[in-house]
Amino acid sequence: MAAQVFHPNTNTIFSAVAQIALIASILAPLLWVARLPIQERTLTHLLTAFWGFHCLSSFFGLLQVYFPGRFQPPVSQVIGEMYHDSLKITLTSGADVFRPMGLSDMPGGAATAGMYSTIFGLMFFLTSKRSLVRAGALGGIAIGLFCIYLSQVRSVLIMTGICCCVLLACLAYRGEWRRTIFAGGMLAAILVVSFSWAVAVGGESVTRRLSSLIDDDMGEVYYKNRGHFLEDTINKQIPQYPLGAGLGRWGMMHRYFGNSDDLSSKPIWVEIMWTGWLLDGGLPLLLAYPAALAMACWFAWRVTISQLPGDLPIQAAAILAYNVGAIAVTFNYPYFIGQGGLEFWLLNAVLFGAVHFAKKRAAWESYLEA
């Protein structure tokens, strides 16, 4: 990306520096968080805060459905003007409401919160020994799935299922079959209950939207919504920009600091993260960033199958499941250009720091015993 500053089609020096600074800030947890002496309880506290925030966002999504207009934040101006009517659903009560937004300004934004409250709720259900926490975890899963159903974001529903399967598969690989079967059974029951709840509130609008996953080919559904952007990136933009298109060509950095009148570096519309990586760094960045994501997943997997004490292996499995979901989102949205990317590297850096601290403490204890 630094080399892209000298690309002849870089928009402006301000937009180029801003783009680099944005990416650097998103990757920053790798540089300082991973160096901290992080105890396991610190990781637990961070995951609790992360899970609690997304549960709160899902809960507000629930309130926005039951009390139309009362708990609704202002809708994003651009989204509201372009897709105002298509982002509403009709409830069984007859009310027309925006799809649950949660604590975001995007109709349907509560779906993402629902996914994370489900993944980490399942983790806390597996690791906590307190009945109240386990009950809260199940409640968070139910509300999260309810928001996903009513938000009608099919890709998030699929990703939630994949992430939960990854977490349960990690448990099974560790030989913890009793916990796997019990947690899987509870999750299946909540899936059915929350779907029935969503249908009772949302009616035909819920079943009609989700039935397309069964009635239509899933590949065709993805292609109609986002797949054509990936196809365009592979077939047209890679041959056109093999070494990048220059910096400041897309996103908010162009909007804030770019020059739209420069025809040689006019803005390029980006819908998925893979397009953004290609424009910012060409094929080298298109290979390097996914390689970094794969390394993060590999580390989480190694911790999952390790014999480290406490809940670290299960927490690593939850972060691995979260990583899989985040990587899947890159095919649907430029995830690593904002808050999502920062959260990804923060959680993985904290996991690295916690594992490194646990190993140093175990080595020190062994030395003292010797």
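Keep in mind that this is a model prediction, so the values were computed, not measured.

With that out of the way, let us pick up the overall build of the chain. Of regular secondary structure, the chain possesses 14 helices and two strands. Its C-alpha atoms give the chain a radius of gyration of 22 Å, near enough to 21 Å, the size a compact globule of 370 residues would have. With respect to the principal axes defined by its C-alpha atoms, the chain has extents near 65 × 65 × 35 Å. Burial statistics for the chain: of 370 residues in total, 48% are counted as buried. Of the contacts made within the chain by residues no fewer than 6 positions apart, 76% connect residues no fewer than 24 positions apart. Working note: accessible area of the chain is about 18200 Å², and carbon and sulfur atoms make up 65% of it. Looking at the chain, you have 24 positive and 21 negative side-chain charges, and the mean spots of the two groups are 9 Å apart.

With that settled, the discussion passes to the environment of arginine 70. Tracing the backbone shows arginine 70 in the loop between α3 (40–66) and α4 (77–83). A relative accessible area of 63% places arginine 70 in the exposed class. Expressed as a C-alpha distance, the spacing of arginine 70 and alanine 188, which sit 118 residues apart in the sequence, is 32 Å.

Enumeration over the complete set of coordinates arrives at 24 aromatic pairs. The interplanar angle of 25° and the centroid separation of 5.0 Å between the aromatic rings of tryptophan 277 and tyrosine 289 together place this pair among those described as stacked. Under the relative-accessibility criterion, tyrosine 289 is labelled buried at 7%. Between phenylalanine 336 and phenylalanine 344 the ring centres are 5.1 Å apart and the planes differ by 75°, which places this aromatic pair in the edge-to-face class. You can call phenylalanine 336 buried: its relative accessible area is 1%. Here the aromatic residues Phe50, Tyr116, Phe120, Trp274, Trp277, Tyr289, Tyr322, Phe331, Tyr335, Phe336, Phe344 and Trp345 are joined through ring pairs into a cluster of three or more.

This part is about the packing of helix α6 (residues 131–151) against helix α8 (residues 177–202). Two elements in contact, α6 and α8, have axes separated by 8 Å at closest approach and are oriented at 45°. With respect to α8, the axis of α6 lies oblique. Between α6 and α8 the crossing geometry is right-handed. Contacts from Arg134, Leu138, Ile141, Ala142, Ile143, Leu145, Phe146, Tyr149 and Leu150 in α6 reach Phe182, Met186, Leu187, Ile190, Leu191, Ser194, Phe195, Trp197, Ala198, Val201 and Gly202 in α8. Here the residues of the contact of α6 with α8 sort into 17 nonpolar, two polar and one charged.

Below, the discussion takes up the pattern of salt bridges. Evaluated as defined, the whole model comprises three salt bridges. Of the charged contacts in the structure, one is a salt bridge between lysine 236 and aspartate 232, with a shortest N-O distance of 3.7 Å. Placement of both lysine 236 and aspartate 232 in helix α10 (residues 218–240) is noted, with a separation of four residues, approximately one turn of the helix. A residue is classified by how much of its surface remains accessible, and aspartate 232, at 27% relative accessible area, is partly exposed. Overlapping salt bridges, with partners in common, bring together Arg174, Glu176 and Arg179 in one network.

This brings us to the side chain of threonine 304. Structurally, threonine 304 is set in helix α12 (residues 273–304). On the basis of relative accessible area, threonine 304 is assigned to the buried category, the value being 0%. Aside from chain neighbours lying at most four places away, what touches threonine 304 is Cys170, Arg174, Pro313, Ala316 and Ala317.

A separate point is unusual backbone geometry. Even without being glycine, glutamine 152 reaches a positive phi, approximately 60°. On the secondary structure map, glutamine 152 appears in the loop between α6 and α7 (154–173).

Turning to the environment of tyrosine 333, a few remarks are in order. Of note, tyrosine 333 is situated in the loop between α13 (312–329) and α14 (339–369). Placed 322 residues apart in sequence, tyrosine 333 and asparagine 11 show a C-alpha to C-alpha distance of 23 Å.

Structurally, the α-helix is built with 3.6 residues per turn, so residues lying three or four positions apart point the same way. Across its 21 residues, α6 extends 30 Å between first and last C-alpha, which sits within 8% of the 30 Å expected from 1.5 Å per residue. The positive-phi residue at the C-terminal boundary of α6 is glutamine 152, with phi of around 60°.

Quick look at a nonpolar patch on the surface now. A contiguous nonpolar surface patch, about 660 Å² in accessible area, is contributed by Ile13, Phe14, Val17, Met252, Tyr256 and Phe257. When residues of the nonpolar patch are traced back to their parent elements, those giving at least two are α1 (13–27) and α11 (251–257). As for its placement among the helices and strands, tyrosine 256 is situated in helix α11. Exposure remark for tyrosine 256: the relative accessible area of 56% places this residue in the exposed category.

Our next topic: the confidence of the model for the chain. Detailed conclusions should not be drawn from predicted coordinates in areas where pLDDT is low. In this model, the chain carries a mean pLDDT of 86, and residues with pLDDT of at least 70 account for 90%. Element-level pLDDT for the chain is lowest in α4, with a mean of 56, against a maximum mean of 94 in α12.

Among the nonpolar cores identified, the biggest contains 95 residues, and Phe120, Leu122, Trp277 and Phe336 are the most heavily contacted of them. Top element by residues in this core is α12. It accounts for 13 residues. Setting aside residues no more than four positions away along its own chain, tryptophan 277 makes contact with Gly282, Leu285, Leu286, Tyr289, Pro290, Leu293, Thr330 and Phe336.

Quick notes on the rules
- Residues numbered from 1 in each chain as written.
- Predicted model: local features only at pLDDT ≥ 70, side-chain atom pairs only at ≥ 80, totals over all residues.
- Heavy atoms only, no water.
- Helix = DSSP H or I, 4+ residues; strand = E, 2+ residues; numbered from the N terminus.
- Rg over C-alpha atoms; globule rule 2.2 N^0.38 Å.
- Buried < 20%, exposed > 50% of the residue type's maximum accessible area, 1.4 Å probe, protein only.
- Contact = heavy atoms within 4.5 Å.
- Areas by Shrake-Rupley, 256 points an atom, 1.4 Å probe, with all protein chains shown as cover.
- Lys, Arg positive; Asp, Glu negative; His and termini not counted.
- Charge placed at Lys NZ, Arg CZ, Asp CG, Glu CD.
- Phe/Tyr/Trp six-rings, centres within 6.5 Å; stacked < 30°, edge-to-face > 60°.
- Axes fitted to C-alpha atoms, helices over the stretch in contact; angles between N-to-C directions.
- Parallel < 35°, antiparallel > 145°, perpendicular 65-115°, else oblique.
- Left-handed = near helix turned anticlockwise from the far one by under 90°.
- Nonpolar A, V, L, I, M, F, W, Y, C, P; charged D, E, K, R; others polar.
- Salt bridge = Lys/Arg side-chain N within 4 Å of Asp/Glu carboxyl O.
- Expected span 1.5 Å × (residues − 1).
- Patch = residues over 30% accessible without salt bridge, like charges linked within 9 Å, V, L, I, M, F, W, Y side chains within 5 Å.
- pLDDT = per-residue confidence, 0-100.
- Core = buried A, V, L, I, M, F, W, Y, C linked by side-chain atoms within 4.5 Å.

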